[in-house]
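Here's the letter readout for the chains.
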Amino acid sequence: EEWSTNYPSLGSRQADDDDDGLANLAEFGLGGNPTNDADTGYAPSFTMANSGGSNVLRYVYARRSGDSGLTYHLETCTDLPAANWNDTGYTASPTVGTLNAQFESVTNLVWSTGPHAAVRLVIRDY
């Protein structure tokens, strides 16, 4: 709520006031500006990696440091047309990096595969 006082005209947490495809809550969670469609904060990144002899997707996202009132997790789906999203198919590294005083980086290894596989970042407030 303290963050949102910087943007007094914001709609709800799930609104996308700047029409950039990210809800206001996601903008807060990733360090973006909910009134500027060019500033979505720290974008997640992904690269292919090898883990234990298997190809995996390395998915890295920014997370607010400390207790921000947010939870972050990934969801995977092996059949995107069916949209069966699950909180499985990946492991989060216990080690996090530091981006700045407010954000840390979280690395995940995603092994959920298939011709229609997908992964998404979920940010929720509690």
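Structure first, text after, so check above.
Residues numbered from 1 in each chain as written. Predicted model: local features only at pLDDT ≥ 70, side-chain atom pairs only at ≥ 80, totals over all residues. Heavy atoms only, no water.

**Notes on the pairing of strand β3 (residues 70-77)**
No. 1: β3 sits mainly inside the fold: seven of its eight residues count as buried.
No. 2: One ladder, built from eight bridges, connects β3 with strand β6 (residues 118-125); its direction is antiparallel. The residue of β6 that forms the bridge with His73 is Val122. (Buried < 20%, exposed > 50% of the residue type's maximum accessible area, 1.4 Å probe, protein only. Helix = DSSP H or I, 4+ residues; strand = E, 2+ residues; numbered from the N terminus. Pairing = 2+ DSSP bridges.)

**Considerations on the sheet that holds strand β4 (residues 90-98)**
No. 1: Taken in spatial order, the four strands of this open sheet run β1-β2-β5-β4, and their pairing is antiparallel. At either margin of the open sheet sits one strand with a lone partner, and together these are β1 (45-51) and β4. Strand after strand, the sheet turns through a mean of 30° between neighbouring axes, direction not considered.
No. 2: By the bridge criterion, six bridges tie β4 to strand β5 (residues 103-110) in an arrangement that is antiparallel. Within the sheet, the bridge partner assigned to Tyr90 lies in β5 and is Val110. (Axes fitted to C-alpha atoms, helices over the stretch in contact; angles between N-to-C directions.)

**Description of the nonpolar core**
Within soluble globular proteins, side chains that are nonpolar tend to cluster in buried spots.
No. 1: In terms of nonpolar packing, the biggest core is built from 17 residues, with Tyr61, Leu74 and Leu121 touching the most fellow members.
No. 2: Apart from the residues within four sequence positions on either side, Tyr61 is in contact with Pro44, Tyr72, His73, Leu74, Glu104, Ser105, Val106, Asn108 and Leu121. (Core = buried A, V, L, I, M, F, W, Y, C linked by side-chain atoms within 4.5 Å. Contact = heavy atoms within 4.5 Å.)

**Let's talk about the packing of aromatic side chains**
No. 1: Tallying each qualifying case throughout the model produces five aromatic pairs.
No. 2: An aromatic cluster is present here, built from Trp3, Tyr7 and Phe28 joined pairwise through their rings. (Phe/Tyr/Trp six-rings, centres within 6.5 Å; stacked < 30°, edge-to-face > 60°.)

**Some words on the pattern of salt bridges**
No. 1: This model, assessed by the stated rule, comprises three salt bridges.
No. 2: Taking the shortest distance from any N to any O, the salt bridge between Arg13 and Asp125 comes out at 2.6 Å. Of the two residues, Arg13 sits in the segment before α1 (24-30) while Asp125 sits in strand β6, which places them 112 residues apart along the sequence.
No. 3: A salt bridge links Arg63 to Glu104, with the nearest nitrogen and oxygen atoms 2.7 Å apart. Taken together, the positions of Arg63 in strand β2 (residues 54-64) and Glu104 in strand β5 put the pair 41 residues apart, joining distant regions of the chain.
No. 4: For Glu104, a relative accessible area of 16% puts it in the buried group. (Salt bridge = Lys/Arg side-chain N within 4 Å of Asp/Glu carboxyl O.)

**Looking at the pairing of β5**
No. 1: The element β5 is extensively covered by neighbouring structure, given that six of its eight residues are classed as buried.
No. 2: One ladder, built from eight bridges, connects β2 with β5; its direction is antiparallel. Of the residues in β5, the one forming a bridge with Ala62 is Ser105.
No. 3: In this antiparallel pair of consecutive strands, β4 and β5, the connection spans four residues.

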